[in-house]
Amino acid sequence: MKASVETLGTAMSNPFREDLVSRNRPEPCTVVIFGATGDLTHRKLIPALYNLAVGGELPTGVNIIGFARREKSDGEFRTGLEVLNRKVSRSGHDAEVWDNFIHSVSYHQSEFNDARGYASLAKRIDEIDAGRGGKGNRLFYIASAPEFFDEILIQLKGAGLNKAKDGCWARVIIEKPFGTDLKTAKHLNKVVSQTFAEKDTYRIDHYLGKETAQNLMVLRFANAIFEPLWNSRYISHLQITCSENLGMEGGRGGYYEKSGALRDMVQNHLLQLLSLVAMEPPTDLSADGVRDEKVKVIRSLRQWDTPEKVAENVIRAQYTAGHVDGNPVPGYREEDRVSPTSETEAYVAVRLLIDTWRWSGVPFYIRMGKRLPKKSTEISVHFKEAPSVLFSALPGGVPGGNVLVIRIQPDEGISLRMVSKIPGTSLRLEPVKMDFHYATSFGKGSPEAYERLILDAIAGDATLFARRDEVEEAWRFIDHIERAWHESDNKPPMAEFVAGSWGPREADEMIKKDGFAWRRL
Amino acid sequence: MTTTPTDEYAELGKEVPVSQIDHELRALWEQDDARTNASLMNLVVYTERRGGLLENSRIIGDLARENACRAILVEIAREEETSLRAWITAHCHLSDGRKSVCSEQIAFRLTGRVTGRFRNTVFSHLNSDLPLIFWWQGKLSEVFTERLASVMDRLIVDSSSWADAKAGFARIAEATEGNTALVVQDLAWTRCWQYRVGIAGLFDDTVAQAALGGIAGIRICHSPQNRNTALQILAWLAVQAGWKHKGAGVFETRDGHRITAVIESSPDSAPLGLVELSSPGTTVRVSREKGSAHLLREIESGDYKVSSLSPADPEAAESLVAQQLSRGGKNSLFLKVLPTFLELL
């Protein structure tokens, strides 16, 4: 006899979950990955799901269907996944767990615009649900090339797959890029909202799944010493740096030429970090509680809405040939799949002002670049200097103010620079650093960002995903800059820097005008 | 005080006078600038077992890789002449293959009359401001007092090693009366963590949820030394589902429905080998073969069959402690379940 699900209505609860883990519960569901033959699926998504299974966090009864255009059997699909999983899985490859896990993975071949493919997908999911008394949750992960996002959403709706059954849910995760400007983002949001409710839409930004990004709120709001200082009275400025030593290897030039540093990194990842570091304390830790405060930051950004303002506050640049890690590297315009007359920025530095009570007059600087000396992402909070009444007469004076550095990657951690007396009979001051390294203090490795984010989506927790208004407000800010660069009559110039250096002179001058300098990483 | 190459405690590091411990630790760190001293907690490991000190030093070597700490190891031997010996060392490992990260260790061997001396010895060598985690190995002796408990943030015990668990918990309750800040963690409870997660996960499935109201039988298998773990998971099921214990392995649901629980002990079982809940037509089961690293989680309801693997709970006490240290929390669920567990004993 099969248990009757119908008698339960929607008020079903699981008493064994209570007090067990402090997170929303991930429920059994069918996960459909669009773009299943792509690199993201093989290198990130399946290994993330597998590692959740290794940790026992993937609910029993999860089925994974890979949806893509290429002709493949289930066996071929699984073999391809296994080959990559063996190479990239964070926890290694356990044959017993893999065999059990891969049993739940299958392949569904269809063109993205073929309604019949979605009808047969719906039938297939219904068959899976039939075993659960006709009920089942669905998670659609759109990891295809962005040009198919619209079509997939429209087809999902056409096949009725966007509709959740009674007491169940249907959710969608959408990979970046979420549009290429405000217009396309709005269009995509419109298509999404016609297909899924906002509460069921998860726009992924893997930066938010990183441990230190999540720790930002804890650092700010669980430590009494920081929040009272976190304002224009005590902070002189903040810097967010994302430097990469790589260039356009592996054919990345083709993609990069269409996006550039501003759209590829600043619009999403770095503005997300900015909003976390600058937001007001949320009223609660609910997804909307947090996102309400984040979007206020983006909305409060002063708009650089004329070419003159852009020229004054935003520097774009390309690298010329140089050396990185001791190896000669080509200039941006000589890179593979990059136009020799390219006007795409491989470096951008932006000066931002947030017009709120808390941040009035405090500049935020974001810089992102390829072919910089090393790979690093960090946020540095620069505090104002102490009144120089007591020590200003000393030789050397007071060596700089306090700097709190939050390292996002690599070597996640937090450090605080302070001033200290050098031991000895004379009074001389030097900066010292208190340093906290995640890897040193917590030997245990953090889960990959995708593990956390996929589990959150299965559990219905959207806190670490971008909301519609966040995405659109970010594009509104970015669009002014893009227009000044590409459509205005007096386009701000493209600066240059030697590959392997810390960016163009113009960026140094921009920050210097405010009396500051880029932090040396 | 003498240290000879044949000293059985040589692997505890450098033997030092107790009054010189801080000085010697500083000297230890000054020897090598390339090493980073990391510490998130004071971890005291207490044993009254002969040879426990050496074994615990090896355990800390592993434990400190993921839980940077100042380890304070204590071995008590009352039957010997009164003495106090101390050793210092550091357990280092390469973090990310680059940095040498070390946890310092102070080991004490107290013999003869120890009460009072022991407490002061430990208190004076704690790293200030860091929490004190106290891992008490074996039966609680007279050394365990209210004064000692008052400085602990977390007490880890293993009720499976106690002959009389009721008496052990009564002693803890007496020593910690009014001390709501102390978190007590029983490794017998930690041993069924993955089982609890597994069962909770299975009941997220609508089919299992539908069967919950009709559960009529529970079967739990355990190895002989893990009866407490079996009883604790039974107590957890009952408390969470709101079943009342009516005696002799019988429970009653809120609507008066009877559930019979069978607890089986077998030397061929994993520490916890099986937890099975059955209703007419549906079986929800988490099981583990002896020696297996995985739990098998299953639901069977007519044609509907789903299964998955999840990690098994570790068996060694040190691995369970490592789990506890990485998890933290107030352990309120254990306190909720404890009265029912004591009733089932």
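Just so it is clear, the structure is predicted and the values come from calculations on it, not from any experiment.

Structural notes on the overall build of chain B
Inference 1: The secondary structure content of chain B amounts to eleven helices and 17 strands.
Inference 2: Taken along the three principal axes of its C-alpha coordinates, chain B extends 70 × 45 × 35 Å.
Inference 3: Burial statistics for chain B: of 345 residues in total, 57% are counted as buried.
Inference 4: Summarising the internal contacts of chain B: among those between residues at least 6 apart in sequence, 70% fall at separations of at least 24.
Inference 5: Accessible surface, chain B as shown: approximately 14200 Å² in total, 48% of it carbon and sulfur.
Inference 6: In chain B, 37 side chains carry a positive charge and 43 a negative one; their mean positions are 3 Å apart.

Some words on the nonpolar core
Inference 1: Grouped together as the largest cluster of nonpolar side chains are 144 residues, with contacts concentrated most on Phe34(A), Phe101(A), Leu271(A) and Phe364(A).
Inference 2: The element contributing the most residues to this core is helix α8 (residues 252-278) of chain A, with twelve residues.
Inference 3: Apart from the residues within four sequence positions on either side, Phe364(A) is in contact with Leu238(A), Leu274(A), Val277(A), Ala278(A), Val350(A), Arg351(A), Leu352(A), Ile354(A) and Trp359(A).
Inference 4: Core analysis: the second largest hydrophobic core is formed by 84 residues, Val44(B), Val184(B), Leu333(B) and Phe334(B) among them.

Observations regarding the pairing of strand β11 (residues 244-247) of chain B
Inference 1: Direction of pairing for β11(B) relative to strand β12 (residues 250-252) of chain B: antiparallel, over a ladder of three bridges. Within β12(B), the residue paired with Lys244(B) across the bridge is Glu252(B).

Digging into the packing of aromatic side chains
Inference 1: If you walk through the whole model with that rule in mind, you get 33 aromatic pairs over all chains.
Inference 2: A ring pair is formed by Phe169(B) and Phe341(B), whose centres lie 6.1 Å apart and whose planes are at 90 degrees; its orientation type is edge-to-face. One end of the pair, Phe169(B), is in helix α5 (residues 165-175); the other, Phe341(B), is in helix α11 (residues 332-344), and 172 residues separate them in sequence. The exposure classification of Phe169(B) matches that of Phe341(B), with both residues buried.
Inference 3: Look at Trp189(B) and Phe334(B): their rings are 5.6 Å apart centre to centre, the planes differ by 50 degrees, and that puts the pair in the tilted class. Highlighted residues: Trp189(B) in helix α6 (residues 187-190) and Phe334(B) in helix α11, separated in sequence by 145 residues. No difference in accessibility class separates Trp189(B) from Phe334(B), as the two residues are buried.
Inference 4: Each member of the aromatic cluster is reached from another via a ring pair, and the members are Phe34(A), Phe67(A), Phe112(A), Tyr118(A), Phe140(A), Phe148(A) and Phe196(A).
Inference 5: The ring centre of Trp169(A) lies 3.7 Å from the NZ or CZ of Arg171(A), which sits over that ring.
Inference 6: Sitting over the ring of Tyr207(A), Lys210(A) keeps its end group 5.6 Å from the ring centre.

Quick word on a nonpolar patch on the surface
Residue and element names in this part refer to chain A.
Inference 1: A surface patch of nonpolar side chains, amounting to about 520 Å² of accessible area, comprises Val 389, Leu 390, Phe 391, Val 398, Val 419 and Leu 427.
Inference 2: Examined against the element boundaries, Val 398 turns out to sit in the loop between β13 (376-383) and β14 (403-409).
Inference 3: The partly exposed category is assigned to Val 398, whose relative accessible area is 33%.

Topic: the interface of chain A and chain B
Inference 1: Counting residues at the interface gives 40 residues for chain A, matched by 48 residues for chain B.
Inference 2: Overall, the association of chain A and chain B removes approximately 3700 Å² of surface from exposure, summing both partners, and the carbon and sulfur fraction of that is 58%.
Inference 3: Summed over the shared surface of chain A and chain B, the result is one salt bridge.
Inference 4: Across the salt bridge formed by Asp204(B) and Arg17(A), the nearest N and O atoms sit 2.7 Å from each other.
Inference 5: At the boundary of chain A and chain B, one finds twelve residue pairs in polar contact (both at pLDDT 80 or more).
Inference 6: Mapped by element, the contributors of at least two residues to the side of chain A that touches chain B are α1 (39-54), α3 (95-102) and α11 (438-441) of chain A.
Inference 7: In terms of residue class, the side of chain A that touches chain B is built from 17 nonpolar, 13 polar and ten charged.

Quick notes on the state of the cysteines
Inference 1: Throughout the structure, instances matching the rule amount to one disulfide over all chains.
Inference 2: Bridging Cys92(B) to Cys102(B), the disulfide has an S-S length of 2.1 Å. Between Cys92(B) and Cys102(B), the S-S dihedral sits near 110 degrees, and the bridge is therefore right-handed. In this pair, Cys92(B) is assigned in strand β5 (residues 83-95) and Cys102(B) in strand β6 (residues 99-111), connecting sequence segments ten residues apart.
Inference 3: Cys168(A) provides the cysteine sulfur closest to Cys29(A), a residue in no disulfide bond, and the two sulfurs are 11 Å apart.
Inference 4: The class of Cys29(A) is buried, set by a relative accessible area of 0%.

The rules behind these values
Residues numbered from 1 in each chain as written. Chains lettered and ligands numbered in written order. Predicted model: local features only at pLDDT ≥ 70, side-chain atom pairs only at ≥ 80, totals over all residues. Heavy atoms only, no water. Helix = DSSP H or I, 4+ residues; strand = E, 2+ residues; numbered from the N terminus. Buried < 20%, exposed > 50% of the residue type's maximum accessible area, 1.4 Å probe, protein only. Contact = heavy atoms within 4.5 Å. Areas by Shrake-Rupley, 256 points an atom, 1.4 Å probe, with all protein chains shown as cover. Lys, Arg positive; Asp, Glu negative; His and termini not counted. Charge placed at Lys NZ, Arg CZ, Asp CG, Glu CD. Core = buried A, V, L, I, M, F, W, Y, C linked by side-chain atoms within 4.5 Å. Pairing = 2+ DSSP bridges. Phe/Tyr/Trp six-rings, centres within 6.5 Å; stacked < 30°, edge-to-face > 60°. Lys NZ or Arg CZ within 6 Å of the ring centre and 35° of its normal. Patch = residues over 30% accessible without salt bridge, like charges linked within 9 Å, V, L, I, M, F, W, Y side chains within 5 Å. Salt bridge = Lys/Arg side-chain N within 4 Å of Asp/Glu carboxyl O. Buried area = accessible area lost by both parts, 1.4 Å probe. Polar contact = N/O pair within 3.5 Å; in protein donor to acceptor, adjacent residues only side chain to side chain. Nonpolar A, V, L, I, M, F, W, Y, C, P; charged D, E, K, R; others polar. Disulfide = S-S within 2.5 Å.

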